[in-house]
Amino acid sequence: MTDEVLRVVLIGGTSNTGKSTVARLVAERLGFEYRSTDTLARHPGRPWPVPGWEVPPHVAEHYRTLTVDELIASALAHYARLRPVIGELVAERVTDGDGPGLVLGGSALWPDGVARLVGPGTAALWLTADEAVIRERIRLAGRYAEATEDGRYLMDRFLARSVRYQELMLAELDRLGLDRLDAGSGRAADELADAVLAALARRRPVTGSG
């Protein structure tokens, strides 16, 4: 333990592990700003419609034509391009002692890139979930039972990519000795936020503005 003040929290993980919800709660409790890596540059997003938004043809084609390995390679290449931007965000908040800290969440926080950013004033943690939990959340979000055959196929491709991403991510976390937290099934977002804060506190004092 040191008297170091935490300025940046990075929360990674594959899709549908609850990163955004938990990161927002952690930011609120610390008095930090919350941002998603999706706001930095958007990779082809979820291939299912939501009210007021239909799946663009290029997004559907992305998931329809690429293999799982190709989907992963495309995502990781996109995340690699974001590393300099993420690095600048982290450096700005660590050196700016007057403004609020930052909680940055998103799948773009790939362990190998983040490991180079974790240092004084920063901490990182990844959320994980069982494949069954990820599948249930994706199918609920996409209204799988009501979707067309093609719509279900696209969701299944997104699921396969998400599961494979997590497998590779876990191997990287083990290799680098970085922290993870099981988001589990049925754990409330408040409980997960408490667990994240407890994990951060074990690594260094957590100091928020609130």
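Residues numbered from 1 in each chain as written. Predicted model: local features only at pLDDT ≥ 70, side-chain atom pairs only at ≥ 80, totals over all residues. Heavy atoms only, no water.

**Thoughts on the packing of aromatic side chains**
Two numbers describe a pair of aromatic rings. These are the distance of the centres and the angle of the planes. In the structure shown here, the tally under the stated rule is four aromatic pairs. A centroid spacing of 6.2 Å and a plane angle of 90° characterise the contact between Tyr79 and Tyr165, whose relative ring orientation is edge-to-face. Taken together, the residues Tyr79 in helix H3 (residues 68-95) and Tyr165 in helix H6 (residues 149-176) connect sequence positions 86 residues apart. Residue Tyr79 is classed as buried on the basis of its relative accessible area of 8%. Residue class for Tyr165 comes out buried when judged on its relative accessible area of 3%. Arg139 extends its terminal NZ or CZ atom over the ring of Tyr144, reaching a point 4.0 Å from the ring centre. (Phe/Tyr/Trp six-rings, centres within 6.5 Å; stacked < 30°, edge-to-face > 60°. Helix = DSSP H or I, 4+ residues; strand = E, 2+ residues; numbered from the N terminus. Buried < 20%, exposed > 50% of the residue type's maximum accessible area, 1.4 Å probe, protein only. Lys NZ or Arg CZ within 6 Å of the ring centre and 35° of its normal.)

**With respect to the confidence of the model for the protein**
Residue-level pLDDT values for the protein average 89, and 94% of them are 70 or greater. The low-confidence segment residues 204-210 (pLDDT under 50) makes 23 contacts with residues lying over four places distant or belonging to another chain. (pLDDT = per-residue confidence, 0-100. Contact = heavy atoms within 4.5 Å.)

**Re the nonpolar core**
Grouped together as the largest cluster of nonpolar side chains are 24 residues, with contacts concentrated most on Val9, Ile11, Val26, Val103 and Val196. Elements with a minimum of two residues in this core: strand E1 (8-12), helix H1 (19-30), strand E4 (122-128) and helix H7 (189-203). The leading source of residues in this core is H7, at seven residues. Of all hydrophobic cores here, the second largest spans 20 residues; its members include Leu10, Ile72, Leu89 and Leu173. (Core = buried A, V, L, I, M, F, W, Y, C linked by side-chain atoms within 4.5 Å.)

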